[in-house]
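Read off the chains here:
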Amino acid sequence: MTDFETIIYERPADKVARIVLNRVDARNAQSMRMLYEVNEAFDIAAQDDSISVIILSANGPHFSAGHDLRDAEGAQLVAEHQRVGTWCGFGCDGAQSQMAIEKEMYIGLSERWRNIPKPTIAAVQGKVIAGGLMLVWPCDLVVAAQDALFQDNTVSMGVAGAEFFNHPFEVGVRKAKEMLFTSDFLSAREARELGMVNHVVPLDELESFTLSMAARIAEKPLFALRLAKESVNVAQDNQGRVNAMQTSFAYHQLCHSHNQQVHGMLIDPSFMDRTFAKKSADPQRKG
Ligand code: ZN
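Residues numbered from 1 in each chain as written. Predicted model: local features only at pLDDT ≥ 70, side-chain atom pairs only at ≥ 80, totals over all residues. Heavy atoms only, no water.

1. Topic: the pairing of strand β1 (residues 7-13)
Threshold: A pair of strands is treated as paired once DSSP finds two or more bridges between them. By the criteria applied, helices consist of DSSP H or I runs no shorter than four residues and strands consist of E runs no shorter than two, each listed in order from the N terminus.
The sheet contact formed by β1 and strand β2 (residues 16-21) spans five bridges and is antiparallel. Opposite Tyr-9, over in β2, you have Ile-19 as the bridge partner. Taking the residues that link successive antiparallel strands as the turn, the β1-β2 hairpin has two residues, and the phi of Lys-15 there is positive, at about 70°.

2. A look at the layout of surface pockets
Definition in use: Definitions used for this entry: grid spacing 1 Å over protein atoms alone; cavity, a set of points where a 1.4 Å probe fits but cannot get out; pocket, an open set with protein on both sides within 12 Å along at least 5 of 7 lines; lining residue, one with an atom within 4 Å of a point. Grid points are joined across faces, edges and corners, and a volume is the space filled by probe spheres set on the points. Ten residues, namely Ala, Val, Leu, Ile, Met, Phe, Trp, Tyr, Cys and Pro, are considered nonpolar, four, namely Asp, Glu, Lys and Arg, are considered charged, and the remaining ones, Gly among them, are considered polar.
Considered as a void within the structure, the largest pocket measures approximately 1,600 Å³ in volume. If you go around the largest pocket, you meet 48 residues; those closest to its centre are Ala-65, His-67, Leu-69, Met-157 and Phe-271. When contributions to the lining of the largest pocket are tallied by element, the ones reaching two or more residues are α2 (74-80), α3 (96-114), β5 (127-129), α10 (241-263) and α11 (270-281). Ranked by the residues each element gives to the lining of the largest pocket, the list is headed by α11, at seven residues. Looking at the lining of the largest pocket residue by residue, the classes come out as 19 nonpolar, 16 polar and 13 charged. The calculated volume of the second largest pocket comes to roughly 490 Å³. Cys-139, Asp-140, Leu-141, Val-232 and Asn-233 are the residues nearest the centre of the second largest pocket, which is lined by 23 residues in total. Of all the elements in the fold, those that place two or more residues in the lining of the second largest pocket are β6 (141-145), α5 (167-171) and α9 (222-237). For the lining of the second largest pocket, the element with the highest residue contribution is α9, accounting for six residues.

3. Thoughts on helix α6 (residues 173-182)
Selection criterion: Categorising residues by exposure relies on relative accessible area from a 1.4 Å probe, with only protein chains included: less than 20% of the type maximum marks a residue as buried, more than 50% marks it as exposed, and the intermediate range marks it as partly exposed. Taken from the helix axis, the directions to the C-beta atoms give the arc we talk about. Whether two residues are in contact is decided by their heavy atoms: any pair within 4.5 Å suffices.
The set of residues buried in α6 consists of Lys-175, Ala-176, Met-179 and Leu-180. In a view along the axis of α6, the buried residues occupy a sector of 130°, so they form one face of it. Opposite the packed face of α6, turned more than 90 degrees from it, sit the exposed residues Val-173, Arg-174 and Phe-181. Tucked inside the fold, the buried residues of α6 contact α4 (133-136), α5, β8 (186-187) and α7 (188-193). Directly after α6, the chain includes Ser-183, whose backbone phi takes a positive value near 60°.

4. Here's the deal with the packing of helix α1 (residues 32-47) against α3
Put simply, the rule is: To obtain an axis, a line is fitted to C-alpha atoms, over the contacting stretch when the element is a helix, and the angle between two such axes runs from 0 to 180 degrees between their N-to-C directions. An angle below 35 degrees is read as roughly parallel, one above 145 as roughly antiparallel, one from 65 to 115 as roughly perpendicular, and any other as oblique. Handedness of a crossing follows from how the near helix is turned relative to the far one, being left-handed for an anticlockwise turn of less than a right angle and right-handed for a clockwise one.
Two elements in contact, α1 and α3, have axes whose closest approach is 11 Å; the angle formed by their N-to-C orientations is 30°. As summarised for this structure, α1 and α3 are arranged roughly parallel, according to the angle between their axes. Between α1 and α3 the crossing geometry is left-handed. When α1 is examined against α3, the residues Met-32, Leu-35, Tyr-36, Val-38, Asn-39, Phe-42 and Asp-43 are found in contact with a partner set consisting of Ile-101, Glu-104, Met-105, Tyr-106, Leu-109, Arg-112 and Trp-113. Its residues placed into classes, the contact of α1 with α3 shows 10 nonpolar, one polar and three charged.

5. Some thoughts on the sheet that holds strand β4 (residues 120-124)
In spatial order, the strands read β1-β2-β3-β4-β6-β9; together these six strands make up an open sheet with mixed pairing. The open sheet has two edge strands, β1 and β9 (199-201), and neither has a second partner. Neighbour-to-neighbour, the strand axes of the sheet open up by a mean angle of 20°, direction not taken into account. Lying over the sheet, α1 contacts β1, β2, β3 (53-58) and β4, oriented at roughly 25° with respect to β1.

6. Focus: empty space enclosed by the protein
For the coordinates displayed, the defined rule picks out one cavity of 30 Å³ or more. Size it by volume and the largest cavity reaches roughly 30 Å³. Looking at the largest cavity, the residues that line it are Gln-30, Leu-35, Met-105, Tyr-106, Leu-109, Ser-110, Trp-113, Met-134 and Leu-135. Going through the elements one at a time, α3 and α4 are the ones with two or more residues in the lining of the largest cavity. Here the lining of the largest cavity is composed, by residue class, of seven nonpolar, two polar and no charged.

7. A word on the packing of aromatic side chains
What counts, and what does not: When two rings of Phe, Tyr or Trp (its six-membered ring) have centres within 6.5 Å they constitute a pair, described as stacked for plane angles under 30 degrees, edge-to-face for angles over 60, and tilted for the intermediate range. Counted as over-ring charges are cases with an Arg CZ or a Lys NZ within 6 Å of the ring centre that also lie within 35 degrees of the ring normal.
For the structure shown, the criterion picks out one aromatic pair. Between the aromatic rings of Phe-42 and Trp-113, the centroid separation amounts to 5.4 Å while the plane-to-plane angle is 35°, which identifies the pairing as tilted. Placement of the pair is Phe-42 in helix α1 and Trp-113 in helix α3, with a sequence separation of 71 residues. The pair formed by Phe-42 and Trp-113 is uniform in burial state, with each residue classed as buried. Note that Arg-83 overlies the ring of Phe-90, its terminal NZ or CZ placed 3.7 Å from the centroid. Lying over the aromatic face of Trp-87, Lys-103 brings its terminal NZ or CZ to 4.5 Å of the ring centre.

Right, here's the structure in full:
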């Protein structure tokens, strides 16, 4: 079995694999290493015919704080890693390099995981921020602890939504707009009412509930599970999901280019000022 640094790969029950995010000190922020390791673990589970269901969960109080903006080795790692997509232009001038990295690491990996031909279940607690959604949304089912909170705050950073832009299909058109315009958190209960989450359970039951659901699904014939998943995914794609995703990804890159030209960085730096001002005004607030 591969040794992972940022995740744990385990088999908690017959026919069930579990990938556990394990960067607790960083609130499971996604370094490029973590994303490649999650991808490798998904591949191991997908290619293992003795596995029928894959759980994605997280150690610590928070599922994921999003992309790790302090990932020192990130760009270098992507440049040297064996790539999973076919895009090119890594290390080139202008907008090319950022687009290449995000095409590979963000929309590329999330799309890949969404299309794994086995049922996947996300088990989520605490905060799930921006890039965190790109780990949860590709999964087929979502079980949330009562304390789970979901947020896409990218518009506050001067970007038109996270790279894997599935918002309208997850929460509906109006709530997608509200979520993006306000950067407000969605509670687990709201997310369930909107259809984004299947079940909300007490935090101390999250692991057992998810595992028992996975075990029940794993008893079914895998070929039928696979084709049922494909059927629903094709139905969703015929509602325009792929075209919408490509358009919003292009707009996302346009925002990065705009911010780079105007502010000299990929996001609008006033986001940091506003975030720190809020925190110092309310010392109780946990960021
Ligand atoms: Zn981006």
